[in-house]
Every structure is written in C-alpha cells, then in structure tokens.
Amino acid sequence: MPAASSPEAAVRRYLQWLEDPDSLIDDEAVARAEAAVAEAADPLARLHALADLEHARQADSGRVTGDFVAHARAYSEAESIPIEAFRALGVPDAVLKEAGFGIGVRRGGRKASVPRSRAPQVSIEQLKEATLRLPKQFTLANVADEAGGGSPQTVRKAVDEMIEAGQVRNLGPKPDHHGRGRAPTLYELS
C-alpha cells in the first residue's frame with residue numbers, strides 16, 4: 001500500500017481503518033495473488049504465492065498508523081479539529097501522543113487529569129448481546145453503537161465468533177453505501 005498522498009488522505013485512511021479494518025485491503029492485489037497461487041506449479045513457487053496472498057489479505061496497519069502520526073497534528077491545526085473529535089472516533093491516546101498532540105502532561109512532567117471522551121471498554125459477550133438486539137441486518141459500527149463502545153478489533157472478533165457459531169452471516173459490502181471509501185460490510189442475524 002503506497003504512502004498517503006496528503007495529510008487529509010492519511011487521516012481519512014486511518015479513520016476508515018479504525019471503523020473497518022478490511023476497508024484498506026486492496027481487492028485487486030488479493031485477486032492477483034489468488035491467480036498466482038492457482039498458476040503456481042512448483043511447490044516453492046506456490047509457497048511464495050500463498051505468502052503473498054496472506055500479505056495481500058492484511059491491511060498494513062503499521063503504515064496506516066505511521067502516515068496518520070506523520071500528518072494528524074498538522075491536519076488538525078489546519079482544519080481546527082480538536083483532539084476530542086479524534087478521541088470520539090476511537091483514536092487511542094497513545095497514537096495521538098505519538099502524532100504530537102499534548103496528551104495529559106503538565107509542566108513539571110506530572111500527568112494531568114484528562115477527561116476521557118472515548119467509549120468505554122466493552123467485553124466480547126456484551127458485544128454479542130448488543131448484536132442480538134440489532135435489526136436483522138447491521139454493520140460493525142451498529143454493533144459498537146448499540147453496545148456503547150468497543151474497539152474495532154474487539155467488535156470484529158465478537159461478530160466473527162457469532163459467524164462461526166452460525167448466529168450471523170456475512171453478506172458482503174453494504175449495497176446502498178454512497179459515502180467515501182469502501183462500503184462497510186453488512187451482516188445478518190441468522
């Protein structure tokens with residue numbers, strides 16, 4: 001995945017990744033890697049092709065986070081976006097601090113009390129219970145909203161466990177998505 005072309009692109013890509021980690025997977029790269037696996041006749045070539053396929057299926061979270069860290073502070077200042085807005089979207093304080101935001105430090109090096117606006121931690125079981133209260137079709141963001149929090153990774157894990165248990169089906173990209181970026185994945189209660 002290439003580096004972000006602008007501060008806005010870096011911030012957008014990181015926020016999309018937080019909302020839906022799969023949104024950053026390059027479907028064309030996955031298709032090329034799958035074709036290479038199918039065409040590989042030699043076992044060693046097949047091994048390398050399978051490794052390339054696994055890499056293509058993973059979003060490069062290190063690069064996405066690094067681009068965000070490099071550009072978020074400047075973007076925030078240019079667009080007058082307060083740190084609380086980033087926190088409300090689930091950006092961890094550690095990432096904000098790495099990006100150059102002043103996080104909880106006063107003169108003298110003592111930690112200041114910083115009001116937290118991040119959603120509370122939610123267990124996988126709480127996320128599963130919240131999922132069962134949703135309408136028949138939903139997205140991962142709907143689950144987090146219904147549960148009152150939860151990191152994108154924890155929400156995804158809860159839904160994946162429900163898929164394995166036969167309680168939920170993955171319907172693929174949301175067909176009526178008209179916003180920027182890739183459509184969120186739509187799920188359905190079984």
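Now for a description of the structure that goes with this document.

The rules behind these values
Within every chain, residues take consecutive numbers counted from 1 along the sequence as written. Side-chain atom pairs in this predicted model are given and counted only at pLDDT of 80 or more, local residue features only at pLDDT of at least 70, and totals for whole chains, interfaces and linings cover all residues. The basis for the side-chain values is all heavy atoms of the structure; hydrogens and waters are excluded. Any carboxyl oxygen of Asp or Glu within 4 Å of a side-chain nitrogen of Lys or Arg constitutes a salt bridge here. A run of DSSP states H or I qualifies as a helix once it reaches four residues; a run of E qualifies as a strand once it reaches two. Both are numbered from the N-terminal end. Accessible area is worked out with a 1.4 Å probe on protein chains only. A residue is then buried under 20% of its type maximum, exposed over 50%, and partly exposed in between. The bend at a residue is defined as the angle formed between two axes, one fitted to the seven residues ending at that residue and one fitted to the seven starting there. We call two residues in contact when some of their heavy atoms are within 4.5 Å. The convention used is that axes are lines fitted to C-alpha atoms, helices contributing only their stretch in contact, and that angles between N-to-C directions extend from 0 to 180 degrees. Roughly parallel means an angle under 35 degrees; roughly antiparallel means over 145; roughly perpendicular covers 65 to 115; every other angle is labelled oblique. Note on convention: near helix rotated counterclockwise from far helix by under a right angle means a left-handed crossing. Clockwise means right-handed. For two strands to be treated as a pair, DSSP must find at least two bridges joining them. In the scheme used here, Gly and all other residues not listed as nonpolar or charged are polar, with Ala, Val, Leu, Ile, Met, Phe, Trp, Tyr, Cys and Pro taken as nonpolar and Asp, Glu, Lys and Arg as charged.

Here we look at the pattern of salt bridges
On inspection of all chains with the given rule, the structure shows nine salt bridges. The residue aspartate 67 makes a salt bridge to arginine 13 at a minimum N-O spacing of 3.1 Å. Separated by 54 residues along the polypeptide, aspartate 67 in helix 4 (residues 61-79) and arginine 13 in helix 1 (residues 7-19) bring together distant segments of the chain. You can call aspartate 67 buried: its relative accessible area is 12%. By relative accessible area, arginine 13 is classed as buried at 13%. The residue aspartate 93 makes a salt bridge to arginine 87 at a minimum N-O spacing of 2.7 Å. Residue classification places arginine 87 among the buried residues on the basis of a relative accessible area of 4%. Several salt bridges converge on common partners, so that one network encompasses Glu125, Lys128 and Glu161.

A closer look at helix 4
When the local axis directions of helix 4 are compared, the greatest deviation, roughly 45 degrees, occurs at histidine 71. For helix 4, the full list of buried residues reads Val64, Thr65, Asp67, Phe68, Val69, Ala72, Tyr75 and Ser76. Against the buried residues of helix 4 lie helix 1, helix 5 (83-88) and helix 6 (93-98). Following helix 4 by one or two positions, serine 80 adopts a phi angle in the positive range, close to 55 degrees.

Topic: the packing of helix 1 against helix 4
The N-to-C vectors of helix 1 and helix 4 enclose an angle of 130 degrees; their axes lie 8 Å apart at closest approach. Overall, the two elements helix 1 and helix 4 adopt an arrangement that is oblique. Judged by the twist between their axes, the crossing of helix 1 over helix 4 is left-handed. Contacts from Pro7, Glu8, Ala10, Val11, Arg13, Tyr14 and Trp17 of helix 1 reach helix 4 at Ser61, Val64, Thr65, Asp67, Phe68, His71, Ala72 and Tyr75.

Looking at the sheet that holds strand 2 (residues 168-173)
Spatially, three strands are ordered 1-3-2 in an open sheet, and the strand pairing comes out antiparallel. Of all the strands in the sheet, the pair left with one neighbour each is strand 1 (137-138) and strand 2. Across two bridges, the pairing between strand 1 and strand 3 (residues 185-189) is antiparallel. Residue pairing across strands places phenylalanine 138 opposite tyrosine 187, the latter belonging to strand 3.

What about the pairing of strand 3?
With five of its five residues buried, strand 3 lies for the most part within the structure. Burial along strand 3 is two-sided: the residues Thr185, Tyr187 and Leu189 and Leu186 and Glu188 are all buried. The pairing of strand 2 with strand 3 spans five bridges and is antiparallel. Its bridge partner being in strand 3, glycine 172 is matched across the sheet by leucine 186.

Let's talk about the packing of helix 2 (residues 27-39) against helix 3 (residues 43-56)
For any two helices packed against each other, one specifies the inter-axial angle together with the distance between the axes. Interhelical geometry of helix 2 versus helix 3 gives an angle of 165 degrees and a closest axis separation of 8 Å. Judged by the inter-axis angle, helix 2 sits roughly antiparallel to helix 3. Seen from above, helix 2 lies across helix 3 with left-handed handedness. Across the interface between the two elements, Ala29, Val30, Ala33, Glu34, Ala36 and Val37 of helix 2 pack against Arg46, Ala49, Leu50, Asp52, Leu53 and Ala56 of helix 3. Taken together, the residues that form the contact of helix 2 with helix 3 break down as nine nonpolar, no polar and three charged.

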